[in-house]
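# Descriptive analysis of the structure
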Amino acid sequence: MAAEAGGGAGTGGAVAGGEAVVYEDTGAYQDGNALAGPLSEVFGVDVTLAAVRCTECGLAGPLPGLRVYAHAPGAVARCPGCEHVVLRLVIGEGTAWLDLRGTVGLRVPLA
Amino acid sequence: MGIVSPGFHGRRRQGDVKLPPGQYLTEDFPVLSAGPTPRVGTDEWEFAVTTETGERRGWTWQEFLELPAETPTVDIHCVTKWSKLGTTWTGVSLDTLLADVETTADYALARSYGGYTTNLPLQDLLDGQAWLAYRFGGEELAPEHGGPVRLLVPHLYFWKSAKWIRGLDLLTQDEPGFWETAGYHDYGDPWLEQRYQGD
Amino acid sequence: MARLAETRDETPTARTLVLDVPGWPGHLAGQHVDVRLTAEDGYSAQRSYSLAAPAAGARVELTVQNVPDGEVSPYLTGVFAAGDPVEVRGPVGGWFVWRPDDPAPVTLVAGGAGVAPLMAMVRARRVAGSRVPFRLVYSVRTPEERWYTGELRRPDPGVEVFPLYTRAAPDGWARPPGRLAKDDLAAWAWPPEFDPACFVCGPTGFVEAAADLLVALGNDPRRIRTERFGPSGG
């Protein structure tokens, strides 16, 4: 899937809240790999081998293909195809909040 | 607490300035982003207030610039622990924007270009506490800092000061926004260190 | 908990840290660790670093580039001394990994500090006695910024290294300084017909460009794995 290879400049139109928004590619994101540590604290297994499917555009691919914006109060992983928010992870003092609203599921290979 | 690394101090508060608990002082202006930066041209920009009855009041860029501007100098505090003191902005007070709006709402949900949202009690937007800012330090507000227009509510953690704002929904019931539905505090008072839910 | 065993300076601003981590479970080439520093008052900061070599028992290696106004890297490259403790979590990340039992030829494309996990793959190949052909395209600004120079100047048989300079090249270097271009990868990466496994690591912009070039040359996007550095704040 294009996600792993970057698939373009990250510009172009995306629909958010009904209006067309043009985004600037700020290069401010990392791969989903960056979530491996924090997510393994939550799950106890390596979910970076999991497959996800975006609820917005249907693009499916491995979790590492997501674009992770971590320079924020929490980590926000977005679909590389449409920039829709796939998952959000906030780690506070002794608590983690994980929101998976943007994927229809996680397919996790079991060792 | 983790293992202490000898000689590690990190970026921590300076002793001689009064900062909210847990904050450190920064001179630069870190850019935080939860997504790509939306590019919103002023020719297409619009800001609208929608009340609990569905009544809508909108301003185009030209109409917005014709409103009386203020130039507040304020301290800002980010939940990622940096604080920046004495920042000067130019913007329109929410008192001005909401003056003619009929509402009995107690809450507001700020909506941004790009889909970001954040919630605040309506009273925290009134009485000279909040602005729609379009200039920073005498310059046009840069897109990475929320330009063309961002919300500025300096008495709360800075995630409440939504970048790229395009609207305000006035609500009779509180509706948590982007970070508030992901573990962050509903109100976010830096002096009470209300970072996470339950703080 | 880990302790610093020894250090090696790769450049004046980059240092390899050799850590003793009792009970280390072993790791795959390409995986990373999260390093957490805690001050006496409880303030803490965390960063991810790629493991730069296969584990030698309980010993692991990472290479840290000092970011001058950073928070963690100046400590790790300057203050952190042999015998000091540090909190290390990992290994993490099972995606950006090379396994020695994979027979496909390997194209590695590194931008700056992105060479660290790719060096781990080169070293894992050596430890495993693998004969899988490797090609490493290594982009740095200047010759002085190259890491692992001794090892990469005389690479193992079957490993080819192609340095590429973006700002200043050594005297007499045929390729003028400049960003990684399609011609570079056409000449140095394995041809797509060989169906190579491609690993690209570096700053976000570099990875984006390199991965797009590999696809443009005909590589299957599913064969390209990437690891981008974000704006970590050092």
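Residues numbered from 1 in each chain as written. Chains lettered and ligands numbered in written order. Predicted model: local features only at pLDDT ≥ 70, side-chain atom pairs only at ≥ 80, totals over all residues.

### Quick notes on the overall build of chain B
Short version of the rule: Only DSSP runs of H or I reaching four residues or more are called helices, and only runs of E reaching two or more are called strands; each is numbered from the N terminus. The globule rule is 2.2 Å times the number of residues to the power 0.38, and the radius of gyration it is compared with is taken over C-alpha atoms. Every C-beta atom is placed from the backbone, and the number of other C-beta atoms within 10 Å of a residue's own sets its class: buried at 20 or more, exposed at 12 or fewer, partly exposed in between. Residues are scored as being in contact if the C-beta atoms we place from backbone atoms lie within 7 Å.
In terms of regular secondary structure, chain B is built from two helices and 12 strands. Put simply, chain B runs from its N terminus to its C terminus through helices and strands in the order β-β-β-β-α-β-β-α-β-β-β-β-β-β. Computed over C-alpha atoms, the radius of gyration of chain B comes to 17 Å, within 12% of the 16 Å expected from 2.2 N^0.38 for 199 residues, which places it in the range of a compact globule. Its C-alpha atoms give chain B principal-axis dimensions of roughly 60 × 35 × 30 Å. The buried share of chain B, taken over its 199 residues, is 41%. Counted over contacts in chain B with a minimum sequence separation of 6, partners at least 24 positions apart contribute 63%.

### Some thoughts on the interface of chain C and chain A
If you look at the interface, chain C gives 27 residues, while chain A gives 22 residues. Secondary-structure elements contributing two or more residues to the side of chain C that touches chain A are strand E6 (85–92), helix H5 (204–216) and strand E11 (224–229) of chain C.

### Points about the UniProt feature "domain: Oxidoreductase molybdopterin-binding" (unreviewed entry) in chain B
So the rule is basically this: UniProt positions are given in the numbering used here, feature names are shortened, and annotations may be inferred rather than shown by experiment.
In the numbering adopted here, UniProt assigns the feature "domain: Oxidoreductase molybdopterin-binding" (unreviewed entry) to residues 35–179 of chain B. Spanning residues 35–179 of chain B, this segment combines 7% helix with 41% strand, and its end C-alpha atoms are found 13 Å apart.

### Brief notes about unusual backbone geometry
A cis geometry characterises the amide bond from glycine 147 of chain B onward to proline 148 of chain B, with omega recorded as 15°. Here proline 148 of chain B shows up in the loop between strand E10 (139–140) and strand E11 (150–152). Between glycine 90 of chain C and proline 91 of chain C the backbone carries a cis peptide bond, its omega angle lying at 5°. Secondary-structure assignment places proline 91 of chain C in strand E6. Of note, the phi angle at glutamate 83 of chain A is positive, near 70°, even though the residue is not glycine. With respect to the helices and strands, glutamate 83 of chain A occurs in the loop between strand E7 (75–78) and strand E8 (85–91). By C-beta crowding, glutamate 83 of chain A is classed as buried, having 26 other C-beta atoms within 10 Å. Positioned with a positive phi, tryptophan 164 of chain B is a non-glycine residue whose angle comes to about 55°. Structurally, tryptophan 164 of chain B can be placed in the loop between E11 and strand E12 (165–171).

### As for the nonpolar core
All names here are of chain C. For clarity, the cut-off: Among buried residues, those of type Ala, Val, Leu, Ile, Met, Phe, Trp, Tyr and Cys that are joined through C-beta atoms within 7 Å form a set called a nonpolar core. Per the annotation, domain bounds derive from an automatic or database assignment of domains.
Core analysis: the biggest nonpolar cluster contains 143 residues, and Leu108, Leu118, Met121, Leu136 and Phe199 have the highest contact counts within it. Taken together, domain 1 (2–92) and domain 2 (106–229) each give at least three residues to this core, which thus spans both. Setting aside chain neighbours within four positions, we find phenylalanine 199 in contact with Gly30, Phe96, Trp98, Leu108, Leu118, Met121 and Arg225.

### Quick look at the sheet that holds strand E1 (residues 2–11) of chain C
Note the threshold: Any two strands between which DSSP finds at least two bridges are classified as paired. Axis geometry follows a simple rule: fit a line to the C-alpha atoms, using only the stretch in contact for helices, then measure angles between N-to-C directions, giving values from 0 to 180 degrees.
The antiparallel open sheet is built from six strands, whose spatial order is E4-E3-E6-E1-E2-E5 (chain C). Unpaired on one side and paired on the other, strand E4 (44–50) and strand E5 (59–65) of chain C mark the two borders of the sheet. When the angles between neighbouring strand axes are averaged without regard to direction, this sheet yields 35°. One ladder, built from seven bridges, connects strand E3 (residues 32–38) of chain C with E4 of chain C; its direction is antiparallel. By the bridge assignment for E4 of chain C, histidine 32 of chain C is matched with serine 50 of chain C. Helix H2 (residues 36–43) of chain A contacts E3, E4 and E6 of chain C of the sheet and is inclined by roughly 80° relative to E6 of chain C.

### With respect to the pairing of strand E7 (residues 106–111) of chain C
All names here are of chain C. Let me state the cut-off plainly: Here, the term right-handed applies to a crossover whose path from the first strand over the helix to the second runs clockwise when the strands point away from the viewer.
Of all six residues making up E7, six are buried, and the element is well covered by its neighbours. Side chains of E7 alternate between two faces, with Val106, Leu108 and Ala110 and Thr107, Val109 and Gly111 buried alike. Across six bridges, the pairing between E7 and strand E8 (residues 134–140) is parallel. Within E8, the position partnered with alanine 110 by the bridge is tyrosine 138. Handedness of the E7-helix H2 (residues 115–128)-E8 crossover: right-handed. Bridging between E7 and strand E10 (residues 197–203) involves five bridges; their strand directions are parallel. Its bridge partner being in E10, valine 109 is matched across the sheet by valine 200.

### Looking at the interface of chain C and chain B
It is common to give the size of an interface as the accessible area lost on bringing the parts into contact. Which entries qualify depends on this criterion: Only Asp, Glu, Lys and Arg are considered charged, only Ala, Val, Leu, Ile, Met, Phe, Trp, Tyr, Cys and Pro nonpolar, and every remaining residue, Gly among them, polar.
Counting residues at the interface gives 17 residues for chain C and 12 residues for chain B. Contributions of two or more residues to the side of chain C that touches chain B are made by E3, E4, helix H1 (73–79) and E6 of chain C. Considering only residue class, the side of chain C that touches chain B consists of nine nonpolar, three polar and five charged.

### A few points about the sheet that holds strand E4 (residues 56–60) of chain B
All names here are of chain B. Read across the sheet, five strands follow the order E4-E3-E12-E7-E8 without closing on themselves; strand pairing throughout is mixed. Both edges of this open sheet fall to E4 and strand E8 (117–121), since each of them pairs with a single strand only. Neighbour to neighbour, the strand axes of the sheet diverge by 15° on average, direction disregarded. Bridge count for strand E3 (residues 46–50) against E12 is three bridges, and the pairing is parallel. Bridged to alanine 48 within E12 is glycine 167.

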